[in-house]
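Listed here are the chains, written in short residue letters.
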Amino acid sequence: DPKIIQKPKYLVAVTGSEKILICEQYLGHNAMYWYRQSAKKPLEFMFSYSYQKLMDNQTASSRFQPQSSKKNHLDLQITALKPDDSATYFCASSQTGGSGQLYFGEGSKLTVL
Amino acid sequence: QQQVRQSPQSLTVWEGGTTVLTCSYEDSTFNYFPWYQQFPGEGPALLISILSVSDKKEDGRFTTFFNKREKKLSLHIIDSQPGDSATYFCAASGAGNTGKLIFGLGTTLQVQP
């Protein structure tokens, strides 16, 4: 059974709209992350949260807003969507102070038309 | 400028052969180097990792070598199997175990029966 659940797996949006990507982890980890995988680009770090607090933000745009309502949740709200936002978004988690191993979810593939 | 470079971009080997993937990096402060394996439609999964204090780590058929002086590492897969067909990512991070990994573009491996 997947230990990191991402929803939805696929989504299509129109330019200018807003979407929320859901992530829940059941590994008991206290750190969670968002990464983005776009065509022809490396998997790219976006955000890290530890104990529900933002630790690092590498996105240049405020259109990307992580939201942590519970310890094992880290959702990603994306507003004013653009075609360039089309990518697969991966949620990941790890135990802070542990081996550093990141566990990734299966991803949410976003297509913006 | 890519901080982590991988080669080759794609590779085909015969079943039973040895696969060698290489990776180089720029930042001398990087000290943790994981290799991730990704199958289509799935998230990356940690395969093996090495710290900069070591020069070799082995796990079954998978061995990673690290050369600090040359800022290079490699992944060797012996007795390659069709089930090893996947995309392999080299990644790196610095001190602090923040969960922020810098990924390479990946190598797509096809193992032919």
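For the structure itself, look to the data block above.
Just so you know, the residues in each chain are numbered from 1, in the order the chain's sequence is written. The naming scheme follows written order: chains are lettered A onward, ligands numbered 1 onward. Confidence filtering applies because this is a predicted model: local features only for residues at pLDDT of at least 70, side-chain atom pairs given and counted only at 80 or more, and all residues used for totals across whole chains, interfaces and linings. Excluded from the side-chain calculations are hydrogens and water; all other atoms, namely the structure's heavy atoms, are used.

Within chain B, the regular secondary structure consists of 0 helices and 11 strands. Where helices and strands are cited, they refer to DSSP runs of H or I of at least four residues and of E of at least two residues respectively, numbered from the N terminus. Reading the helices (α) and strands (β) of chain B from amino to carboxyl end gives β-β-β-β-β-β-β-β-β-β-β. As a reference, a globule follows 2.2 Å times the number of residues to the power 0.38, and the radius of gyration itself is taken over C-alpha atoms. Expected size for 113 residues packed as a compact globule is a radius of gyration near 13 Å; at 13 Å, chain B falls within 12% of this value. Along the longest, intermediate and shortest principal axes, the C-alpha atoms of chain B span 40 × 30 × 25 Å. Categorising residues by exposure relies on relative accessible area from a 1.4 Å probe, with only protein chains included: less than 20% of the type maximum marks a residue as buried, more than 50% marks it as exposed, and the intermediate range marks it as partly exposed. In chain B, which comprises 113 residues, the share counted as buried stands at 44%. With residues, only the protein chains shown are counted as cover, and all accessible areas are computed by Shrake-Rupley using a 1.4 Å probe. If you sum the accessible surface of chain B, you get close to 5500 Å²; carbon and sulfur atoms cover 49% of it. For chain B, the distance from the average site of its 9 positive side-chain charges to the average site of its 10 negative ones is 10 Å. When charges are counted, Lys and Arg contribute as positive and Asp and Glu as negative, whereas His and the chain ends are disregarded. In plain terms, the charge of a residue is placed at NZ if it is Lys, CZ if Arg, CG if Asp and CD if Glu.

This part covers the sheet that holds strand S8 (residues 72-77) of chain B. Residue and element names in this part refer to chain B. Taken in spatial order, the 5 strands of this open sheet run S1-S3-S8-S7-S6, and their pairing is antiparallel. Every other strand in the sheet has two partners, leaving strand S1 (4-7) and strand S6 (56-59) as the edge strands with one partner each. The sheet shows a mean angle of 15 degrees between the axes of neighbouring strands, taken without regard to direction. At least two DSSP bridges between two strands are needed for those strands to be called paired. Here 6 bridges tie strand S7 (residues 62-67) to S8, and the two strands are oriented antiparallel to one another. Bridged to Asn67 within S8 is Lys72. Each axis is a line fitted through C-alpha atoms, and for a helix only the stretch in contact is used; angles between axes span 0 to 180 degrees, taken between their N-to-C directions.

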